[in-house]
Amino acid sequence: MIFKTPTTHFFTCGSSEGLTQLNSFDGALLDAKIGNTNLVKMSSIVPPKCKLLEPHDLPQGSLVPVAYAAITTDMPGEVISAGVAAAYPTDETQAGLIMEYSSRGHKEDIEAIVRRMAEEGIRMRGLEVKEIRSIAVQHRVEKIGTAFAAVVLWDEE
Amino acid sequence: MIFKTPTTHFFTCGSSEGLTQLNSFDGALLDAKIGNTNLVKMSSIVPPKCKLLEPHDLPQGSLVPVAYAAITTDMPGEVISAGVAAAYPTDETQAGLIMEYSSRGHKEDIEAIVRRMAEEGIRMRGLEVKEIRSIAVQHRVEKIGTAFAAVVLWDEE
Amino acid sequence: MIFKTPTTHFFTCGSSEGLTQLNSFDGALLDAKIGNTNLVKMSSIVPPKCKLLEPHDLPQGSLVPVAYAAITTDMPGEVISAGVAAAYPTDETQAGLIMEYSSRGHKEDIEAIVRRMAEEGIRMRGLEVKEIRSIAVQHRVEKIGTAFAAVVLWDEE
């Protein structure tokens, strides 16, 4: 194995304005409390037996595997949202599935969509859904804004 | 070194329809037999002496470095293809090069293009090509479809 | 922890023409002396106490965490540039921040923009800037060209 398989995960989200598109993305990461880590984007599985934890601080500068959705726009007044959902199968020897979605639109709509995506993914695996967890965030753009939602994978402390 | 350098690699590809763009991408990963892992995208080298294996199962939820091409469209009837090629130099102390390409179009054309790209990359390094390996897949879109091809890097079992 | 936290970093940049977009990107990586590694893109922190080194060779095929900006275009005569900046806070227990920017335009303009982005990011953290380091590169496109700039994170040798 190249990397250690993650043993814990948590959900987080955030939003921000910023001087530039990347500064607003950085601000959204800070708002989500993971702005001082090095996010490594991955596609999007919760390993079997991976514990769900509350959001918690990670060491500054550490490399952190994460599944995320993000949207950044510069249209004043526009409402943007980002959401992630994880669907866990009834068979606990099987992995859970994370889905990400972001769009112009309201949080409740984006969250409903991403939950359905996760449910559908478990169904495509021929499994039954035990539970779906999700988080989403909405942002009204002033000048340049980002909405960001993530499932962070990490190792047992 | 931050990460262990991979010691094996294999080629895989897949395609799928899906409820949404991300579900069709997820379905293509399942079809390629790596849908239950956490893919970490990287640019695109086969380390020297890295063994070529047959496609095989990886632990669920593990973090897997991969070079891939993917295309997702929602135009019914459209033909889409994705391919990857690795060119290996005659000097076995030197790394091989992976190239990725996806587009609307037929598999044989996309595969020929990506093979030429890999060959050109070895030439740019001032090396001679010993061998080129490739894989490609074609998909005719019904509603929302994805074609996906990858070189997966992994460690000796 | 899933991955070891990087303990060193260096700045590099490069540019190239190529047969295709991906070949020109690959050529720019070669010009930056990291073309034979597997770059894993991440967002964008310099861990506290992370030593700044001169650019140096990395093992072929190794997986390398990197923050980078890149632009590839196919407009003959066009001037494109890529830059990265890291801003380090006066409080050395705190992480530094890397920003990336690429665009059509001249090197000095892109470098000034990305430096301001990094400075702004430290300000958003409520910290004071001790120092900003940056690198940028400019390329005039002949047929298909790439400009690339990066901060590479690595472990103590």
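Values in this document were obtained by computation on a predicted structure and should not be read as measured data.

About the criteria used
Residues numbered from 1 in each chain as written. Chains lettered and ligands numbered in written order. Predicted model: local features only at pLDDT ≥ 70, side-chain atom pairs only at ≥ 80, totals over all residues. Heavy atoms only, no water. Phe/Tyr/Trp six-rings, centres within 6.5 Å; stacked < 30°, edge-to-face > 60°. Helix = DSSP H or I, 4+ residues; strand = E, 2+ residues; numbered from the N terminus. Buried < 20%, exposed > 50% of the residue type's maximum accessible area, 1.4 Å probe, protein only. Lys NZ or Arg CZ within 6 Å of the ring centre and 35° of its normal. Contact = heavy atoms within 4.5 Å. Salt bridge = Lys/Arg side-chain N within 4 Å of Asp/Glu carboxyl O. Polar contact = N/O pair within 3.5 Å; in protein donor to acceptor, adjacent residues only side chain to side chain. Nonpolar A, V, L, I, M, F, W, Y, C, P; charged D, E, K, R; others polar. Core = buried A, V, L, I, M, F, W, Y, C linked by side-chain atoms within 4.5 Å. Expected span 1.5 Å × (residues − 1). Least-squares fit on C-alpha atoms with pLDDT ≥ 70 in both. Axes fitted to C-alpha atoms, helices over the stretch in contact; angles between N-to-C directions. Parallel < 35°, antiparallel > 145°, perpendicular 65-115°, else oblique. Left-handed = near helix turned anticlockwise from the far one by under 90°. Pairing = 2+ DSSP bridges.

Student: Describe the packing of aromatic side chains, with residues and values.
Tutor: We describe a pair of aromatic rings using the distance from one ring centre to the other and the angle between the two ring planes. Going through the model one piece at a time under the given rule, you end up with 12 aromatic pairs over all chains. With centroids separated by 6.0 Å and ring planes inclined at 50°, the aromatic side chains of A:Phe25 and A:Tyr68 adopt a geometry described as tilted. With A:Phe25 in helix H1 (residues 21–31) and A:Tyr68 in strand E5 (residues 63–73), this residue pair connects regions lying 43 residues apart in the sequence. Neither A:Phe25 nor A:Tyr68 differs from the other in exposure class; each is buried. Through a chain of ring-to-ring contacts, the aromatic side chains of A:Phe3, B:Phe3 and C:Phe3 assemble into a single cluster. Across from the ring centre of B:Tyr68, 4.2 Å away, lies the NZ or CZ of B:Lys41, which sits over that ring.

Student: Describe the interface of chain B and chain C, with residues and values.
Tutor: With 29 residues of chain B in contact, the opposing surface of chain C contributes 29 residues. Our count for the chain B to chain C interface comes out at one salt bridge. When the shortest N-O distance is used, the salt bridge between B:Arg125 and C:Asp26 registers 2.8 Å. Counting every contact that joins chain B to chain C gives nine residue pairs in polar contact (both at pLDDT 80 or more). Among the elements of the structure, strand E2 (38–41), strand E5 (63–73), strand E7 (96–104) and helix H2 (107–124) of chain B are those that each provide at least two residues to the side of chain B that touches chain C.

Student: Account for the interface of chain A and chain B, naming residues and giving values.
Tutor: Facing the 29 residues of chain A at the interface are 29 residues of chain B. If you look at where chain A meets chain B, you find one salt bridge. Our enumeration of links across chain A and chain B arrives at nine residue pairs in polar contact (both at pLDDT 80 or more). Within the residue set of the side of chain A that touches chain B, elements represented by two or more residues are strand E2 (38–41), E5, strand E7 (96–104) and helix H2 (107–124) of chain A. Here the side of chain A that touches chain B gets five residues from one element, more than from any other, and that element is H2(A). Broken down by class, the residue content of the side of chain A that touches chain B amounts to 17 nonpolar, six polar and six charged.

Student: Help me get a handle on the nonpolar core, residues and values and all.
Tutor: By size, the foremost hydrophobic cluster in this structure holds 116 residues, and its most contacted members are A:Ile34, A:Phe148, B:Ile34, B:Phe148, C:Ile34 and C:Phe148. Here A:Ile34 is in contact with A:Phe10, A:Thr12, A:Leu29, A:Leu39, A:Leu58, A:Phe148 and A:Val152, once residues within four sequence places are set aside.

Student: Which residues make up helix H2 (residues 107–124) of chain C, and what values go with them?
Tutor: Between its terminal C-alpha atoms H2(C) stretches 26 Å, which fits the 26 Å expected from 18 residues at 1.5 Å a residue. Every buried residue of H2(C) is listed here: C:Ile110, C:Glu111, C:Val114, C:Met117, C:Ala118, C:Glu120, C:Gly121 and C:Ile122. Looking at the buried positions of H2(C), the neighbouring elements they touch are H1 of chain A together with strand E6 (79–89), strand E7 (96–104) and strand E8 (129–140) of chain C.

Student: For the relation of the copies chain A and chain B, give the residues involved together with the corresponding values.
Tutor: At an RMSD of 0.0 Å, chain A and chain B line up after a rotation of 120° and a shift of 0.0 Å along the axis. The symmetry that links the two subunits is that of a three-fold axis.

Student: Could you give an account of the packing of H1(A) against H2(C), with specific residues and numbers?
Tutor: Running from N to C, H1(A) and H2(C) point in directions that differ by 25°, and their axes come no closer than 10 Å. When the axes of H1(A) and H2(C) are compared, the pair comes out roughly parallel. Considering only the axes of H1(A) and H2(C), their crossing is right-handed. Facing A:Leu22, A:Asn23, A:Asp26, A:Gly27 and A:Leu30 of H1(A), the residues of H2(C) in contact are C:Met117, C:Glu120, C:Gly121 and C:Met124. The residue makeup of the contact of H1(A) with H2(C), split by class, is four nonpolar, three polar and two charged.

Student: Go over the sheet that holds strand E3 (residues 45–46) of chain C with me, naming the residues and quoting the values.
Tutor: All names here are of chain C. Taken together, the four strands give an open sheet; going across it, the order is E3-E7-E6-E8, and neighbouring strands pair in antiparallel fashion. In this open sheet, the two edge strands, each paired with only one partner strand, are E3 and E8. Two strands pair when backbone bridges link them, and E6 and E8 are joined in this way by 11 bridges, in the antiparallel orientation. When the bridges of E8 are listed, Tyr88 appears paired with Glu131.

Everything listed is a geometric property; what it means functionally is a separate question.
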